[in-house]
Amino acid sequence: MKESWKTRIVRCGFNLFPAFRGTGARVIYIAGDYSEIRIKLPLNWRTRNYVGTIFGGSMYGAVDPIYMYMFLKMLGNDYIVWDKAASIRFKKPGKSTLNATFKITYEELDEVKRALEGKRSLDRVYDVELVDESGTVHAVVEKTIYIRKKDRESNPSSGNVVSLPKIESK
């Protein structure tokens, strides 16, 4: 799917956001429906470590927020989504630009929604590979994403507005 004008603006915002910008990575593509995001992480003065390869913190930081963000956008306001856990396995030193692709299918989204009808929350585990131009894997980041449906009482958009007690000042 092509990028929309809206996801192009989101991509620019993502790349300007200080926490993500600090990783040295750049979002290079966001599908119009948020079902796919691609990032690139170049080897440059900002990402280079003491031994001349890509800093592991940059590798992890580049992939950290992506799946959570995709689920937030695709599921909408009736769901709570958090990063729950992560680990990284380094396979080879990053000596050139690395890329990663994140995808969520509509079948998977439907599966998540169905699963949440029968239980309060669920965890989804994803492996993200950081690969060079030739397809060689340099690192694998395992992300655990926590997802649950919002409670009706705490979600005013569900039609159930909770009134708070009035606080009087003296």
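Keep in mind the model is a prediction, meaning the values are calculated, not measured. (Residues numbered from 1 in each chain as written. Predicted model: local features only at pLDDT ≥ 70, side-chain atom pairs only at ≥ 80, totals over all residues. Heavy atoms only, no water.)

As for the packing of aromatic side chains
On inspection of all chains with the given rule, the structure shows 6 aromatic pairs. Through a chain of ring-to-ring contacts, the aromatic side chains of Phe14, Phe20, Tyr34 and Tyr69 assemble into a single cluster. (Phe/Tyr/Trp six-rings, centres within 6.5 Å; stacked < 30°, edge-to-face > 60°.)

A short note on the pattern of salt bridges
One pass over the structure, following the stated rule, counts 10 salt bridges. Taking the shortest distance from any N to any O, the salt bridge between lysine 143 and aspartate 83 comes out at 3.3 Å. Residue lysine 143 is located in strand 6 (residues 137–149), and its partner aspartate 83 is located in strand 3 (residues 79–90); the two are separated by 60 residues in the primary sequence. Among the residues examined, aspartate 83 registers a relative accessible area of 26% and is labelled partly exposed. Through salt bridges with shared partners, a single network forms among Glu3, Arg8 and Arg11. (Salt bridge = Lys/Arg side-chain N within 4 Å of Asp/Glu carboxyl O. Helix = DSSP H or I, 4+ residues; strand = E, 2+ residues; numbered from the N terminus. Buried < 20%, exposed > 50% of the residue type's maximum accessible area, 1.4 Å probe, protein only.)

Some words on the nonpolar core
Core analysis: the biggest nonpolar cluster contains 38 residues, and Ile39, Phe71, Phe102 and Ile147 have the highest contact counts within it. Looking at which element gives the most residues to this core, the answer is helix 4 (residues 66–75), with 7 residues. With residues near it in sequence (within four places) discarded, phenylalanine 71 still touches Gly76, Val81, Ile104, Glu108, Leu109, Val112, Tyr126, Ile145 and Ile147. (Core = buried A, V, L, I, M, F, W, Y, C linked by side-chain atoms within 4.5 Å. Contact = heavy atoms within 4.5 Å.)

A few points about the confidence of the model for the protein chain
Per-residue confidence for the protein chain averages 91 on the pLDDT scale, and 89% of its residues sit at or above 70. Scored below 50 in pLDDT, residues 158–164 makes 6 contacts in the model with residues more than four places away or belonging to other chains. (pLDDT = per-residue confidence, 0-100.)

A short note on the side chain of histidine 138
With respect to the secondary-structure elements, histidine 138 resides in strand 6. One polar contact links histidine 138 to aspartate 132, side chain to side chain, over a distance of 2.9 Å. Apart from residues no more than four positions distant in its own chain, histidine 138 is found in contact with Arg89, Phe90, Lys91, Lys92, Pro93, Gly94, Leu98, Leu130, Val131 and Asp132. (Polar contact = N/O pair within 3.5 Å; in protein donor to acceptor, adjacent residues only side chain to side chain.)

Examining the environment of arginine 120
Relative to the helices and strands, arginine 120 resides in the loop between helix 5 (106–118) and strand 5 (121–131). Classification of arginine 120 as exposed rests on a relative accessible area of 52%. With 30 residues separating them in the primary sequence, arginine 120 and lysine 150 have C-alpha atoms 9.2 Å apart. Discounting chain neighbours no more than four positions away, the residues touching arginine 120 are Arg148, Lys149 and Asp151. In this structure the side chain of arginine 120 is engaged in a polar contact, spanning 3.2 Å, whose partner is the side chain of aspartate 151.

Focus on the pairing of strand 4 (residues 98–103)
Of the two faces of strand 4, only one is covered, namely that formed by Leu98, Ala100 and Phe102; the face formed by Asn99, Thr101 and Lys103 stays uncovered. Here strand 2 (residues 36–41) runs beside strand 4; their pairing, made up of 6 bridges, is antiparallel. Each bridged residue has a counterpart across the sheet, and for isoleucine 39 the counterpart in strand 4 is alanine 100. (Pairing = 2+ DSSP bridges.)

A few points about the environment of asparagine 15
Inspection of the secondary structure assignment puts asparagine 15 in helix 1 (residues 5–16). In this structure the C-alpha to C-alpha distance between asparagine 15 and arginine 26, which are 11 residues apart in sequence, comes to 5.7 Å. Contact partners of asparagine 15, with chain neighbours within four places excluded, come to Phe20, Arg21, Ala25, Arg26 and Val27.

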